[in-house]
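Structural overview for review
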Amino acid sequence: MIDPVLLRTFLAVVQSSSFSEAGRSLGLGQPAVSQQIRRLEDQVSCRLFVRDTHSVALTPDGEAMVAFAEAILDANARAESYFRGARGRARLRFGASEDFVVSRLPEVLRDFTRGHPLVDLELTVGLSGWLNARLDDGELDLVLAKRPDGDDRGRLVWRDRLVWVGAPGTRIDPKEPIPLILYPPPSITREQVLRVLEQTRGTWRIACTSSSLTGLRAAALSGLGVLVLARGLIPQGLDELDDDTLPDLGEVEFVLRSAGRSLRAPARQLSDAILAYGETLLEPGATPAGAGT
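Notes on the structure follow. (Residues numbered from 1 in each chain as written. Predicted model: local features only at pLDDT ≥ 70, side-chain atom pairs only at ≥ 80, totals over all residues. Heavy atoms only, no water.)

Right, let's get into the pattern of salt bridges. Per the stated rule, a full pass over the model turns up 17 salt bridges. Measuring nitrogen to oxygen at the nearest pair gives 2.9 Å for the salt bridge that ties D151 to R153. Classification of D151 as buried rests on a relative accessible area of 18%. A relative accessible area of 39% means that R153 is categorised as partly exposed. One salt-bridge network, held together by shared partners, links D136, D151, R153 and R257. (Salt bridge = Lys/Arg side-chain N within 4 Å of Asp/Glu carboxyl O. Buried < 20%, exposed > 50% of the residue type's maximum accessible area, 1.4 Å probe, protein only.)

Encoded structure:
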């Protein structure tokens, strides 16, 4: 069976004659488009495009695939429309950690809601620890969040380094306690930072606690202290600190977790859309005024 997602990407490239333009129309990065085209070519065991630095052209097999792709997607759309109408509306309770406010997740959710008009998406944004607890209590269907150290549940989306972050020019006096800007418990990042500092016998003080990214960013820009973020999610206006006196904080994993072993169709489709973005999900999205990590 040929994946309809790959066929949609294929037709977008055909219509635009450009991998990058197709990516923009689909809300994907150019690497993600290239990866999906390679997967489609692997599935059908033939090359569909001839591509160089200036142009993209269909091979004879690619020309044949156009008609097949259009027919398959048309049949798929009619089947989905029929069965959506038969079942009525669906509900999807999705939780996302605060980290993704300045990522491309809003683009993913926009495309999902446009493509699934009969799915009522309920978005909950919060701390990873709190979202994981709500999922365990049956209050959410799907969660995109950090995974606690030693927990193997969930499907890995990506792994990143935790780094020290502050306003440009921030310097930490090694003779003074580290002024920390942190989320409140049950923040997974907070737990990891304090555990590392205890293990290295570092001294610290809590300079600011905020449950929102806006509050953490404002405190850092004000020079109140330093915060810890995934390297790929450092927002505009803040810099990774190059300070050998600060301890290494290790890595953090971002995963998708679901309420059960088998996903219902809406949750599976949103999960697939997020996984298709992969690490390009970390690319900055439209940053609201005053927002950030």
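There's plenty left to go through after this.
With that out of the way, let us pick up the layout of surface pockets. To find the voids left in a structure, one rolls a probe of water-molecule size over its atoms. The space that makes up the largest pocket amounts to roughly 1100 Å³. Surrounding the largest pocket, 28 residues form its lining, V5, R8, H116, Q269 and A273 being those nearest its centre. Counting only elements with at least two residues in the lining of the largest pocket, the list comes to α1 (4-16), α3 (30-44), α4 (60-87), α5 (105-115) and α9 (265-277). If one sorts the elements of the lining of the largest pocket by residue count, α9 sits on top with seven residues. For the lining of the largest pocket, the residue count by class is 13 nonpolar, seven polar and eight charged. (1 Å grid on protein atoms, 1.4 Å probe; cavity = no way out; pocket = protein on both sides within 12 Å on 5 of 7 lines; lining within 4 Å. Points joined across faces, edges and corners; volume = space filled by probe spheres on them. Helix = DSSP H or I, 4+ residues; strand = E, 2+ residues; numbered from the N terminus. Nonpolar A, V, L, I, M, F, W, Y, C, P; charged D, E, K, R; others polar.)

Mapped onto the elements of the fold, E98 is located in the loop between β3 (90-97) and α5. Judged by relative accessible area, which is 14%, E98 ranks as buried. As a C-alpha pair, E98 and Q36 span 62 residues in sequence and 29 Å in three-dimensional space. With sequence-adjacent residues up to four places away left out, E98 is seen in contact with V125, G126, Y183, S211, S212 and L213. Reaching out from E98, the side chain makes a polar contact with the backbone nitrogen of L213 at a distance of 3.3 Å. (Contact = heavy atoms within 4.5 Å. Polar contact = N/O pair within 3.5 Å; in protein donor to acceptor, adjacent residues only side chain to side chain.)

So, to be careful, I would describe these as geometric facts and stop short of saying anything about function.
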